[in-house]
Amino acid sequence: MSTELVVNPTAHQILQSVFGYESFRNQQEAVIEQILAGGDALVLMPTGGGKSLCYQVPALVLDGTAIVISPLIALMQDQVMALRQFGIKAAFINSSLSPEDVNEVETRLLNGDLDLLYVAPERLMMSRMLSLLDRTKLSLFAIDEAHCVSQWGHDFRPEYIQLSVLHERFPSIPRIALTATADETTRAEIIQRLSLDQAQVFNDGFDRPNIQYRINENQGNAREQLLRFILNEHEGDTGIVYCLSRKRVDQIAQWLEGKGLKALPYHAGMSNEVRAHHQERFLREEGVVIVATIAFGMGIDKPDVRFVAHLNLPKSIEGYYQETGRAGRDGLPANTWMSYGLQDVITLKQMQQGSTGEENYKRIEGHKLDAMLGLCEITTCRRQAMLRYFGDAMGEPCGNCDNCLSPPETWDATLAAQKAISCVHRTGQRFGVKYLVDVLLGKDDERIMQFDHHKVSTFGIGTELDNKEWSTLYRQLIANGLLRVDFERHGSVQLTEAARPVLKGEQQLTLRKMLKSSKTKLRKSRTFSATANNALWEALREHRMTLAEQQGVPAYVIFHDATLAEMTERQPQTLQQISKITGVGERKLEAYGDSFLAVILSHSQAEQDVNKSDTVQETIDLLTQKLNPQEIADKRELTLSTIYKHLSQGIEAGELNLVDALSLEEEQIRIIQNAFEHCDDGKLKTVYEALDGEYDYGVLGCVRASMGE
Ligand code: ADP
Ligand code: ZN
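Bear in mind the structure is a predicted one, so any value in this text is a computation, not a measurement. (Residues numbered from 1 in each chain as written. Chains lettered and ligands numbered in written order. Predicted model: local features only at pLDDT ≥ 70, side-chain atom pairs only at ≥ 80, totals over all residues. Heavy atoms only, no water.)

Trainee: Honestly, the pairing of strand 5 (residues 138-143) in this entry has me stumped. Any pointers?
Mentor: Both faces of the sheet carry side chains from a regular strand, because those side chains alternate between them. With six of six residues buried, strand 5 lies mostly within the body of the structure. Where strand 2 (residues 65-69) meets strand 5, five bridges bridge the pair, whose relative direction is parallel. When the bridges of strand 5 are listed, T65 appears paired with L138. Two elements, strand 5 and strand 6 (residues 175-179), share three bridges in a ladder whose sense is parallel. If you follow A142 over to strand 6, its bridge partner there is I176. (Buried < 20%, exposed > 50% of the residue type's maximum accessible area, 1.4 Å probe, protein only. Helix = DSSP H or I, 4+ residues; strand = E, 2+ residues; numbered from the N terminus. Pairing = 2+ DSSP bridges.)

Trainee: Is there a simple way to think about the site of ligand 1 in this case?
Mentor: Of all residues adjacent to ligand 1, which total 15 residues, the nearest are Y21, S23, G48, K51 and S52. Interatomic distance of 3.1 Å between a backbone N/O atom of G50 and an oxygen atom of ligand 1. Here ligand 1 loses 82% of its free accessible area of 560 Å² to cover by the protein chains. The element that contributes the greatest number of residues to the shell around ligand 1 is helix 4 (residues 51-61), accounting for three residues. When the residues that make up the shell around ligand 1 are grouped by side-chain class, the tally is four nonpolar, eight polar and three charged. (Near = heavy atom within 4 Å. Polar contact = N/O pair within 3.5 Å; in protein donor to acceptor, adjacent residues only side chain to side chain. Areas by Shrake-Rupley, 256 points an atom, 1.4 Å probe, with all protein chains shown as cover. Nonpolar A, V, L, I, M, F, W, Y, C, P; charged D, E, K, R; others polar.)

Trainee: Just checking my understanding: could you explain the packing of aromatic side chains for this structure?
Mentor: One pair of aromatic rings is described through two measures. These are the centre distance and the angle between the planes. For the coordinates displayed, the defined rule picks out 16 aromatic pairs. The interplanar angle of 50 degrees and the centroid separation of 6.2 Å between the aromatic rings of Y213 and Y320 together place this pair among those described as tilted. Note that Y213 is positioned in strand 8 (residues 211-217) and Y320 in helix 15 (residues 317-324), a separation of 107 residues in sequence. The same class applies to Y213 and to Y320, which are both buried. Within the aromatic cluster, the residues linked to one another by ring pairs are F206, Y213, Y320, Y321, Y389 and F390. Across the ring face of Y266, the terminal group of R275 is positioned such that the distance to the ring centre comes to 5.7 Å. Cation over ring: K302 sits above F282, and NZ or CZ is 6.0 Å from the ring centre. (Phe/Tyr/Trp six-rings, centres within 6.5 Å; stacked < 30°, edge-to-face > 60°. Lys NZ or Arg CZ within 6 Å of the ring centre and 35° of its normal.)

Trainee: How do you make sense of the confidence of the model for the chain when you look at a structure like this?
Mentor: Parts of the prediction with low pLDDT should not have their coordinates interpreted in detail. Of the residues in the chain, 94% have a pLDDT of 70 or more, and the chain-wide mean is 88. Between residues 1-8, whose pLDDT stays under 50, and residues either more than four places distant or in other chains, the model counts nine contacts. Between residues 517-530, whose pLDDT stays under 50, and residues either more than four places distant or in other chains, the model counts 30 contacts. (pLDDT = per-residue confidence, 0-100. Contact = heavy atoms within 4.5 Å.)

Trainee: What is the right way to read helix 34 (residues 666-678) from this model?
Mentor: Residues lying three or four places apart along an α-helix face the same way, a consequence of the helix completing one turn every 3.6 residues. Over its 13 residues, helix 34 extends 18 Å from the first C-alpha to the last, a length consistent with the 18 Å expected when each residue adds 1.5 Å. Burial in helix 34 covers these residues: E666, I669, R670, I672, Q673, A675 and F676. Buried residues along helix 34 sit against helix 12 (222-233), helix 33 (658-661), helix 35 (684-690) and helix 36 (697-706). (Expected span 1.5 Å × (residues − 1).)

Listed below in structure tokens is the structure:
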């Protein structure tokens, strides 16, 4: 269709008219030029960097059909649907199609009626498919997830190796291989196995600047910390929560659900149907939190995952980076959050030592875990440390990780470490952390007596720290390799060589200070509440959801969050203005422009009504001066219910946020919102009664207004 719109379209015209984007990002333009010039390219870009456009744009500029090889059959359908939304002629062939459907696609291919065709590698290699391609006018081959040729990676796909055939059979067709895995070895392997020696390499590094990294200490209430994180920062957002075991997955999913979240479990122990159903809901619905073992995520390409949380410690930085990397593929701000504690360290070390793998392998795994632990304990920029680990230098601290945002306090732990290590030594390197802490604290304990450890020099010398602080210190000593845990001897803690200089006073030890558990007040700071206009944002999302449901496509296929956020911020008032919004190409403007415009206009109207109404404004002004609703009513000699009516109008128009308007705790607000969600008629009276009259009608009205009823 694009070719019908403009004669001889250039890459830039297509970017704007079809995709609705203003300019190319990173190396996109250079890559596209290389392909248009008939050359091959190897593109290494981080997830969310914009790899797809590197082949989609040339596919539209060049005559003929682009063949996209992708290992992820489950994704093809969504990718193709997304392209069709832009008015692009795209199709896929894979085992999920009926023979008739395959026939139809093949006919379109031969007739030159496709801009892009997605196929799985095994399908491509069938002689039928290859001979079909012989008779087709081709524009390019795009080999997505090219690291799948690497036998050393986790995603190795034997069929990928055969893709070198393409070069021999279709030597004049440009090829572009793409991956987010940019390490040296993988790169060399891709070049060699796909015969890409002539290809130009484009490397954008690994960094995912939109992802914020945060690693927290488990203060014995990881689950509560997680809930607080989700409610404070990600209410209504899509997210993934990783747990180590299936049992824990089930427990956490159930618990979060009980707290009013749309949480669904996902692990290998569930039936295929239920698992597929949960995955489908995650992809299609908004605001689903999937609780999963790490089995979940491969082949999931949902762009608007706003957070990834770990309730366990990943086994390596590679794993951590890959799992957290599932957040924010759309390039918008995303959060990652992890909780880790002593028990995680012990469990993982135990699993590793207990595994039956060969020694060499175990040793490497051990080093990887140690690097991960190091990442948890460092006090400097986490992103710099990770990129350094991957061989990618980063000059300045990132400013978007917890250590950069609120630099941790450190303390001179030398003396305490000496006590802790010495206690291990004095008690014969035969006991676990709990016992050691009891000895340091001088606990009156039968076992200690029995072993005569109330007589050792370290008994009772550690009262300056409490139980928790000592276990944290032991965790840090283990994480830093000064102590090790021996599982063949029931998890007893032992000294390593590295402990000696500290014990002898030859080396100082500086450690992160343990956070005192803080009861921070709940505050909402969702990704887009920064754009202030929550009511419009929600209205646009709702409209998008309606359209998506009508067509049976995921919401992001209609418009990305970024597009809705820009609409919220700029509030376009004409179709012409809408067409300027990022992500609104010609086809989408035609299909959706009017209806989104209507949503914005009716919202602006409501807002103006409020603005016009001086009396509402006066109430809001008084509220900003820290008067409560009763005081405002008294001062203005109006009834309390009138004041609440003003407030709810202000909320509806996005002038006010709920938390500011009501002196209620977030928890109470949630209770009320829940009651509205669970009542059939949405009437104040119903909810008033359901909550036993605990909240005033005025308060309920404000909460309802905030829900966009
Ligand atoms: P990758 O495949 O590298 O993970 P995508 O190709 O899916 O990344 O692109 C990530 C996001 O960035 C998508 O939402 C895409 O629409 C958007 N995007 C890509 N290139 C541009 C651009 N030049 N301008 C605006 N948005 C872009
Ligand atoms: Zn940082």
